[in-house]
Structures are given as C-alpha cells and as structure tokens.
Amino acid sequence: HVLRVINDLLAFEPAGTATNLAGALDFADSILRRRSVLFLISDFLTTGYQSALERLARQHDVIALQLFDPPAIREHFRRRAEEFDLSLQQDVRRCGAELVRLETGASYAEPLIAFFRRRERLFGR
C-alpha cells in the first residue's frame with residue numbers, strides 16, 4: 001500500500017502552480033475520523049496554512065517534510081525582495097519623500113555622497 005501511495009505521488013501532475021496548503025489540511029481534517037500519522041510533504045512556500053496545521057496536529061501525529069531546491073528558494077526570495085523594494089520606492093515617492101538605500105556590510109559614505117551630489121545638481125548650491 002505504501003509503495004502505491006509513493007508511486008501515485010511521484011506520478012501526480014498538478015493542474016496549476018499555486019499551492020492551497022490550508023485547503024488540503026482542512027480536507028484531511030474533515031475526512032480523518034481516527035488518530036492518524038500524517039506526512040505533510042510540501043515546499044511550504046505559501047501562507048495562511050498555520051491555523052489549519054495546528055488544528056490537524058492537535059488530533060493527529062503530523063510530520064512535516066519540507067522539499068526544497070536551494071536555487072529555487074534563492075530565486076523565490078530574490079523576486080520577493082525585488083517586489084518589496086519596488087513597493088517601498090513607490091510608497092516613499094507617493095508620500096513625497098526620497099529613498100536612499102544603504103547596504104549592510106558596504107560603505108554608507110558612497111551612496112550618501114552620491115545622493116547629496118544629485119540633490120546639489122538638482123537644487124543648486
């Protein structure tokens with residue numbers, strides 16, 4: 001039986017790319033009547049599943065197996081960081097302020113000097 005389940009998992013072709021982990025956990029919670037051992041296999045690159053996981057873990061022995069691909073994780077966080085940076089820039093501009101980004105581990109002097117030189121050119125002395 002276990003080999004069949006593993007084979008079915010490996011052969012599964014998802015219909016889309018989104019993950020509804022909370023929905024899957026809620027579904028499992030609704031059909032399981034006796035205490036069970038559950039192996040939750042996911043990359044966990046989603047949100048909003050924590051309360052469903054907590055409910056399920058109260059009734060069952062849940063073992064979470066995180067699948068990860070280091071290059072994919074780096075790419076995911078790179079995209080999220082870019083989205084955050086763009087959003088921050090837009091928010092700051094919309095508020096009428098200016099943004100100077102200072103990187104930890106790098107010199108603060110160079111970006112600040114460049115910023116004040118740009119302002120000097122724009123507004124004169």
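Up top is the structure these notes are about.
Sequence positions are assigned chain by chain, starting from 1 and proceeding in written order. In view of the model being predicted, local features appear only for residues whose pLDDT reaches at least 70, and side-chain atom pairs are presented and counted only at 80 or more, with totals across whole chains, interfaces and linings using the full set of residues. Excluding hydrogens and water, the side-chain values take into account all heavy atoms of the structure.

### Overview of the packing of helix H2 (residues 21–31) against helix H3 (residues 50–59)
- At a closest axis distance of 8 Å, the pairing of H2 and H3 adopts a crossing angle of 25°. By the criterion of interaxial angle, the relationship of H2 to H3 is roughly parallel. In this structure, the crossing between H2 and H3 has a hand that is left-handed. Across the interface between the two elements, Ala22, Leu25, Asp26, Ala28 and Asp29 from H2 touch Ala52, Leu53, Arg55 and Leu56 from H3. Axis geometry follows a simple rule: fit a line to the C-alpha atoms, using only the stretch in contact for helices, then measure angles between N-to-C directions, giving values from 0 to 180 degrees. Runs of H or I in DSSP of at least four residues are treated as helices and runs of E of at least two as strands, each being numbered from the N terminus. Comment on the angle field: the value is read as roughly parallel under 35 degrees, roughly antiparallel over 145, roughly perpendicular from 65 to 115, and oblique elsewhere. Should the near helix be turned anticlockwise from the far one by less than a right angle, the crossing is termed left-handed; should it be turned clockwise, right-handed. In this analysis, two residues are considered to be in contact whenever any of their non-hydrogen atoms come within 4.5 Å of each other.

### What about the packing of aromatic side chains?
- Note on ring pairs: Phe, Tyr and Trp rings are taken, using the six-membered ring of Trp, and paired if centres are within 6.5 Å. Classes follow the plane angle, with under 30 degrees stacked, over 60 edge-to-face and the rest tilted. A full pass over the atoms with the stated rule returns two aromatic pairs.
- With a centroid separation of 5.7 Å and 55° between ring planes, the pair formed by phenylalanine 44 and tyrosine 49 is classed as tilted.
- Overall, the relative accessible area of 13% leaves tyrosine 49 in the buried class.
- On the basis of an interplanar angle of 70° and a centroid distance of 5.1 Å, the ring pair of phenylalanine 115 and phenylalanine 116 is categorised as edge-to-face.
- Burial status follows relative accessibility: with a 1.4 Å probe on protein chains alone, a residue under 20% of its type maximum counts as buried, one over 50% as exposed, and anything between as partly exposed. Judged by its relative accessible area of 11%, phenylalanine 115 falls in the buried class.
- According to the relative accessible area criterion, phenylalanine 116 is exposed, its value standing at 53%.

### Here we look at the nonpolar core
- For this analysis, a nonpolar core means a set of buried residues of the types Ala, Val, Leu, Ile, Met, Phe, Trp, Tyr and Cys, connected via side-chain atoms within 4.5 Å. By size, the foremost hydrophobic cluster in this structure holds ten residues: Leu21, Ala22, Leu25, Ala28, Leu38, Leu40, Phe44, Tyr49, Ala52 and Leu56.
- Contributions of two or more residues to this core are made by H2, strand S1 (37–42) and H3.
- When residues of this core are assigned to their parent elements, the largest contribution, four residues, is made by H2.
- Apart from residues no more than four positions distant in its own chain, leucine 56 is found in contact with Leu25, Ala28, Asp29, Leu38 and Val62.

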